[in-house]
Amino acid sequence: GAPAGVGPLEVGEQNGGGCCPCDRQRGMKEEDPWMALRQALTDHRPGVVLSSSLALSVGLSLLLLRAVRGGQAQSLASLFDSCIARMQRLVSRATQSSRRQLQRPVLGASSRTSTVLTTSEIRQEFEDVLAGVSLAGKTAVVTGANTGIGFEVAKRLGQLGARVIVGCRSRQRGEAALAHLRGAIKGPSGARAGSFDLELLDLADLSSVVGFANAIENQTVDILINNAGAIFSERELTIDGLEKSFQVNALGPHLLSRLLHQSLQRAARINGQARVIYVGSTLEKRGHIEDLECKRHYDPLKAYATSKLAGTMLAYRSARLLKTTPVSVNVVSPGIVNTELARYLPAWAYYLSYPVRALLLRSPEHGAQSVLFAAVATRSRLGPGIEDRFVPPPNGSTDDSLGTGLFIRDLQCITGSLVSRNEVEQEKLWSFCEDFLQQRYPALKIYTEEVWK
């Protein structure tokens, strides 16, 4: 059976098993070395990013120096290849350890023969999912859509015909992003292209979250993508008195989802379903929920991982709360993506990690694929053996919605950490958040489950 406290939406792994009792082992294809290395960075040892960067930077410098002193006429390309080979050998242990994690069964489309999809396979599957999809007449809200993953998600949703509301802290940066987004959807598909609007949103200020929700509360929202996030090099408190990583990455998105619930329900009544997507991270398994605000010791990666763990737990709790409604709540990990999130790192770490970020990390376009998959895919795309995770369509309809309470990565359903799926811990965190919100904004009717339902 599942561990105590683990709910029916998330059947846990037992002794390294898959995320569902009916999972089966699949044969492994020969691995793409770059995919394996990326996975090592993503799943096993995030600290390898800096060590790999150092190896690449120092190695390239030494090779260039040796070439110059020896008078060798080696091309820059060959020097670069040699340095890459050395770096791969340096992190081979991390890569090999990761492969054990990669080989565990995960849920995927029945046509797949590997639990690890190559970049080309992911892209092809992604394009197949989006083929023929039209979001005309629907509204999507994407936070942090002025750059990185959020920008790519908003762009593709607009190309599919949706009206996209972009949430951004800075009006200047937001308007610049809107100009690029509007330009990106012009062309052959212009007839079906959607539109873009800007609303200011600062998750580090809960009053800004309330203002953002008030600005669109009378509209329908078919898709809410809580994408905005940040990592901070030093511990800071927000204007609301909370640790900044926790508020920006967890409580802020949670409050926004609560405040927009009526808009989501309104859309679900019209179109049959509405979706809330929390952009999380597999780093959540490294979080420490017992030190939610990192008061004992602050480490940027630990704080980020803990905040993503908290966000994932709140999403799971929301999914259980809404399981009898046509509003789904799912978590998506885009992988480690080369976005402007790195700008929050210390200057030395930003520059030191640049080679690995540029060479190994995913592009924002690649990172956006799983997010978009969760926004538009149907349950058939996740293959057989997952029916026990899906909420039956509301009112006997034949709606083929994706499901709820899922953790999606690389277009596949995986299992979140045991802590994230522990219902007792979810309830503790939920109560902490609701109590805080009730004290901070007593006039807002967002803290009782009856109101949300």
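In the block above lies the structure referred to throughout.
Residues numbered from 1 in each chain as written. Predicted model: local features only at pLDDT ≥ 70, side-chain atom pairs only at ≥ 80, totals over all residues. Heavy atoms only, no water.

Colleague: Tell me about helix 7 (residues 171-184), residues and numbers included.
Modeller: Taking 1.5 Å per residue, 14 residues should reach 20 Å; helix 7 reaches 20 Å between its end C-alpha atoms and fits that length. Restricting attention to buried positions, one finds in helix 7 the residues G174, A177, L178 and L181. Mapping the buried residues of helix 7 onto a view down its axis gives an arc of 105°, with all of them on the same face. Exposed positions of helix 7 whose direction lies more than 90 degrees from the buried face are Q172 and H180. Tucked into the core, helix 7 has its buried residues touching helix 6 (148-159), strand 2 (163-168) and strand 3 (195-200). With a side-chain oxygen lying 3.4 Å from the backbone nitrogen of Q172, the N-terminal cap of helix 7 falls on S170. (Helix = DSSP H or I, 4+ residues; strand = E, 2+ residues; numbered from the N terminus. Expected span 1.5 Å × (residues − 1). Buried < 20%, exposed > 50% of the residue type's maximum accessible area, 1.4 Å probe, protein only. Arc of directions from axis to C-beta. Contact = heavy atoms within 4.5 Å. Polar contact = N/O pair within 3.5 Å; in protein donor to acceptor, adjacent residues only side chain to side chain.)

Colleague: Go over the packing of helix 9 (residues 244-259) against helix 15 (residues 423-440), please, and point to the residues and values.
Modeller: At a closest axis distance of 12 Å, the pairing of helix 9 and helix 15 adopts a crossing angle of 75°. As far as their axial angle goes, helix 15 and helix 9 are roughly perpendicular. In this structure, helix 9 uses F246, L251, H254, L255 and R258 to contact helix 15, whose residues at the interface are L429, W430, F432, C433, E434, F436 and L437. (Axes fitted to C-alpha atoms, helices over the stretch in contact; angles between N-to-C directions. Parallel < 35°, antiparallel > 145°, perpendicular 65-115°, else oblique.)

Colleague: Can you tell me about unusual backbone geometry, naming the residues and giving the values?
Modeller: You will see that D410, though not glycine, has its phi angle at about 50°, which is positive. For D410, a relative accessible area of 8% corresponds to the buried category. Although it is not a glycine, L411 adopts a positive phi angle of roughly 65°. Inspection of the secondary structure puts L411 in the loop between strand 7 (407-409) and strand 8 (412-414).

Colleague: Now, about the environment of G335: what can you tell me, with residues and values included?
Modeller: With respect to the helices and strands, the residue G335 is situated in the loop between strand 6 (327-333) and helix 12 (347-352). G335 sits in the buried class, given a relative accessible area of 16%. G335 sits 52 residues away from L283 along the chain, and the two C-alpha atoms are 9.4 Å apart.

Colleague: Provide a residue-level description of helix 8 (residues 206-216), including the pertinent values.
Modeller: Those residues of helix 8 not exposed but buried are L206, S208, V209, V210, F212, A213 and I216. Against strand 1 (139-143), strand 2, strand 3, helix 9, helix 10 (261-271) and helix 15 lie the buried residues of helix 8.

Colleague: Before we move on, can you summarise the nonpolar core with the specific residues and values?
Modeller: Judged by nonpolar contacts, the single largest core of 56 residues is most densely connected at L206, V209, L224, F246, L251, L256 and L429. Only helix 8, helix 9, helix 10, strand 5 (274-279), helix 11 (300-321), strand 6 and helix 15 provide two or more residues apiece to this core. Considering each element in turn, this core owes the most residues, nine residues, to helix 11. Not counting the four nearest positions on each side in its chain, V209 is found in contact with L201, D202, L203, G252, L255, L256 and L259. Membership of the second largest hydrophobic core comes to 43 residues, among which are I122, F196, V332 and A377. (Core = buried A, V, L, I, M, F, W, Y, C linked by side-chain atoms within 4.5 Å.)

Colleague: With reference to specific residues and values, describe the packing of aromatic side chains.
Modeller: The full count for this structure, using the stated rule, is one aromatic pair. Ring centres 6.2 Å apart and planes at 55° place the aromatic pair F246 and F432 in the tilted group. Remark: F432 occurs in helix 15 and F246 occurs in helix 9; sequence separation between them is 186 residues. Note on F432: relative accessible area 34%, which makes it partly exposed. (Phe/Tyr/Trp six-rings, centres within 6.5 Å; stacked < 30°, edge-to-face > 60°.)

Colleague: Give a description of the packing of helix 8 against helix 9 that names residues and reports values.
Modeller: At a minimum axis distance of 10 Å, the contact between helix 8 and helix 9 shows a crossing angle of 30°. In terms of their interaxial angle, helix 8 and helix 9 are classed as roughly parallel. Crossing geometry of helix 8 relative to helix 9 is assigned as right-handed. Taken together, the residues of helix 9 that come into contact with helix 8 (itself represented by L206, V209, V210, F212 and A213) are Q247, L251, G252, L255, L256 and L259. Taken together, the residues that form the contact of helix 8 with helix 9 break down as nine nonpolar, two polar and no charged. (Left-handed = near helix turned anticlockwise from the far one by under 90°. Nonpolar A, V, L, I, M, F, W, Y, C, P; charged D, E, K, R; others polar.)

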